[in-house]
Amino acid sequence: MDLGTTGIWSPELRLHPDPVEIHEAAAELDQQGWGALRIPGLGGGDILGDAERLLRAGENAAIVTGVLSIWRHTPEDMAAGHAHLRREYGHRLLLGLGVSDAAARRAGGTYRPLAALNTYLDALDRHAEPVPADERLVAAMGPRLTELAGRRSAGTHPFLVTPDFTATARGVLGPAPLLAPYQAVVVDSDPARARTTARTFLAPFLGMGHHANSLLRQGFTEDDLAHGGSDHLIDAVVAWGDLDAIDQRVQAHLDAGATHVALHAISTEPGLPRTQWKVLAPPAR
């Protein structure tokens, strides 16, 4: 599965209320040449149905669940759904799996993410129509999950990370596995306005324990995480500015060992960020 070097990560491709507009936007993104379209888990729901809508809209881009929670979707349902979509659309669906869904973890029991993910992957392997290792990936922020991702899946899709993290993850993975970091972008060269836009999106994530702990492990401080994020934090995890500035951040990830960078265009405007997607489109770069 060739994802190319850049793709789109978009909650709007699941949340927008008009399915016709989602279809049209996905077809446009496919024609623009993006290697992959990623949709987040968003707490459950019919993520494979939403993935199928995107598969139906285009012919080339891979569709990635980036990522679904293993606490909210059974491996049996995901394996069966993946097999159905593979028969209908070929090898274009990459099943992204995550373990850090805090709301789902409150259901009870001891939280052992490594063991839980191994068990989930075992179930995908045992299914009558298994999900091949190269058609699934793992959201990993620590070295043990990153090592597991490289050993039992196509690779990893880390969230809110810097190029320095990408370099460290590549060292753990080795040269072959997919390393596809998420990268938030704001197409705006005004520093104050761009940072305000970024904070509006990032503030809820900074209050989530697993994301906060990941950022602290990356070298940021508690002060950096306060009040929606310091300028230092915002500038490190969000690429803002003109196309050249954003391209420099993408290239920094690629130089650090990323295989593919998933761009999330953050905008204050309602609806699908189609204007930003056009600006960022691969032919323009």
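As a starting point, this report considers the structure included with it. What you are looking at is a predicted structure, and each value in this text was computed from that prediction instead of being measured.

This part covers the overall build of the protein. Looking only at helices and strands, one finds 14 helices and eleven strands in the protein. Its C-alpha radius of gyration of 18 Å places the protein within 12% of the 19 Å reference for a compact globule of 285 residues. The principal-axis extents of the C-alpha atoms in the protein amount to approximately 55 × 40 × 35 Å. Taken across its 285 residues, the protein has 56% of its residues classed as buried. Only carbon and sulfur atoms are counted for the fraction: they give 51% of the accessible area of the protein, which is about 12,100 Å².

Before going further, it helps to examine the layout of surface pockets. In this structure, the second largest pocket spans a volume of roughly 220 Å³. For the second largest pocket, the lining is made up of 13 residues, of which Met141, Phe165, Thr168, Arg217 and Gln218 are closest to its centre. Looking at the lining of the second largest pocket, the elements that each hand over two or more residues are α7 (143–152), α8 (163–173) and α10 (209–217). When residues in the lining of the second largest pocket are grouped by element, the largest group, five residues, is from α8. Grouping the amino acids of the lining of the second largest pocket by side-chain chemistry returns five nonpolar, six polar and two charged.

Next up on the list: helix α4 (residues 75–89). Two residues of an α-helix separated by three or four positions point the same way, owing to the 3.6 residues in each turn. In this model, α4 (15 residues) spans 20 Å end to end at C-alpha, consistent with the 21 Å of a helix rising 1.5 Å per residue. Buried residues of α4: Pro75, Met78, Ala79, Gly81, His82, Ala83, Leu85 and Arg86, and no others. Turning to α4, the residues buried within the fold contact α3 (47–57), β4 (68–69), β5 (93–98) and α6 (113–126). In the segment just after α4, Gly90 is the residue with positive phi, at about 80 degrees.

Relative to the assigned elements, Arg86 resides in helix α4. Residue Arg86 is classed as buried on the basis of its relative accessible area of 19%. Setting aside residues no more than four positions away along its own chain, Arg86 makes contact with His91, Pro130, Pro132 and Glu135.

Among the structural elements, Thr146 can be located in helix α7. When its relative accessible area of 2% is taken as the criterion, Thr146 is described as buried. Only 2.7 Å separates the side chain of Thr146 from the backbone oxygen of Gly142, close enough to count as a polar contact. Ignoring sequence-local partners within four residues, the contact set of Thr146 consists of Ala140, Ala169, Val172 and Leu173.

We now examine the packing of aromatic side chains. One pass over the full model with this rule turns up five aromatic pairs. Between Trp9 and Tyr182 the ring centres are 4.9 Å apart and the planes differ by 80 degrees, which places this aromatic pair in the edge-to-face class. Of this pair, Trp9 sits in strand β1 (residues 6–9) while Tyr182 sits in strand β9 (residues 182–187), and the two are 173 residues apart along the sequence. Tyr182 carries the same exposure label as Trp9, and that label is buried. Ring centres of Phe159 and Tyr182 lie 4.2 Å apart, and the angle between their planes is 45 degrees; this geometry places the pair in the tilted category. With Phe159 in the loop between β7 (155–156) and α8 and Tyr182 in strand β9, this residue pair connects regions lying 23 residues apart in the sequence. Judged by relative accessible area, which is 13%, Phe159 ranks as buried. Ring pairing ties together the aromatic residues Trp9, Phe159, Tyr182, Phe201 and Phe205, which thus form one cluster.

A few words now on the packing of α4 against α6. At their nearest, the axes of α4 and α6 sit 9 Å apart, and the two run at 45 degrees to each other. Our classification of the angle between α4 and α6 gives oblique. Two packed elements cross with a definite hand, and for α4 against α6 that hand is right-handed. Taking contact as the criterion, the partners of Pro75, Glu76, Met78 and Ala79 in α4 are, on α6, Tyr120, Ala123 and Leu124. For the contact of α4 with α6, the residue count by class is six nonpolar, no polar and one charged.

With that settled, the discussion passes to the nonpolar core. Counting 50 residues, the largest nonpolar core has Leu13, Trp34, Leu37, Leu97, Leu117 and Trp277 as its most contacted members. Residue contributions to this core peak at six residues, all from α3. Grouped together as the second largest cluster of nonpolar side chains are 24 residues, Phe205, Phe220, Leu225 and Val238 included.

With that settled, consider the pattern of salt bridges. Tallied over the full model, the rule gives 15 salt bridges. Arg274 is the salt-bridge partner of Glu28, the closest N and O atoms lying 3.4 Å from each other. Here Glu28 is found in helix α2 (residues 19–32), whereas its partner Arg274 is found in helix α14 (residues 274–280), with 246 residues between them in sequence. Of the charged contacts in the structure, one is a salt bridge between Asp188 and Arg193, with a shortest N-O distance of 2.6 Å. Assessed through its relative accessible area of 13%, Asp188 is described here as buried. One network of salt bridges, in which partners are shared, links Asp122, Asp125, Arg136 and Arg152.

Cut-off values and rules
Each residue is numbered by its place in its chain's sequence as written, counting from 1. At least 70 in pLDDT is required for a residue's local features to be given in this predicted model, at least 80 for side-chain atom pairs to be given and counted, and no such filter applies to totals for whole chains, interfaces and linings, which use all residues. Note that the side-chain values use all heavy atoms of the structure and ignore hydrogens as well as water. Only DSSP runs of H or I with at least four residues qualify as helices, and only runs of E with at least two residues qualify as strands; both kinds are numbered from the N terminus onward. We take the radius of gyration over the C-alpha atoms and set the globule estimate at 2.2 Å times the residue count to the 0.38 power. The rule is simple: take the accessible area with a 1.4 Å probe, protein chains only, and divide by the maximum for that residue type; under 20% is buried, over 50% is exposed, in between is partly exposed. Per-residue and other accessible areas follow the Shrake-Rupley method at a 1.4 Å probe size, with only the shown protein chains counted as cover for residues. Using a 1 Å grid laid over the protein atoms alone, points where a 1.4 Å probe fits but cannot get out form a cavity; open sets with protein on both sides within 12 Å along at least 5 of 7 lines form a pocket; any residue with an atom within 4 Å of a point counts as lining. Grid points are joined across faces, edges and corners, and a volume is the space filled by probe spheres set on the points. Under the scheme applied here, ten amino acids are nonpolar (Ala, Val, Leu, Ile, Met, Phe, Trp, Tyr, Cys and Pro), four are charged (Asp, Glu, Lys and Arg), and all others, including Gly, are polar. Multiplying 1.5 Å by the helix residue count minus one yields the expected span of that helix. Only heavy atoms enter the contact rule, under which two residues are in contact if any of them lie within 4.5 Å. Identification of polar contacts relies on pairs of N or O atoms within 3.5 Å, with a donor-acceptor requirement for protein atoms, meaning one able to donate a hydrogen and the other able to accept it, and with residues adjacent in sequence counted only if both atoms are side-chain atoms. Working definition: rings of Phe, Tyr and Trp (its six-membered ring) pair if their centres are within 6.5 Å, and the pair is stacked with planes under 30 degrees apart, edge-to-face with planes over 60 apart, and tilted otherwise. Whenever a helix is involved, its axis is fitted only over the stretch in contact; in every case the axis is a line through C-alpha atoms, and angles between N-to-C directions fall within 0 to 180 degrees. Here roughly perpendicular refers to angles of 65 to 115 degrees, roughly parallel to angles under 35, roughly antiparallel to angles over 145, and oblique to all remaining angles. By convention the crossing between two helices is left-handed if the near helix lies anticlockwise of the far one by an angle smaller than a right angle, and right-handed if it lies clockwise. As used in this record, nonpolar core signifies buried Ala, Val, Leu, Ile, Met, Phe, Trp, Tyr and Cys residues forming a set joined through side-chain atoms within 4.5 Å. A carboxyl oxygen of Asp or Glu within 4 Å of a side-chain nitrogen of Lys or Arg is what we treat as a salt bridge.

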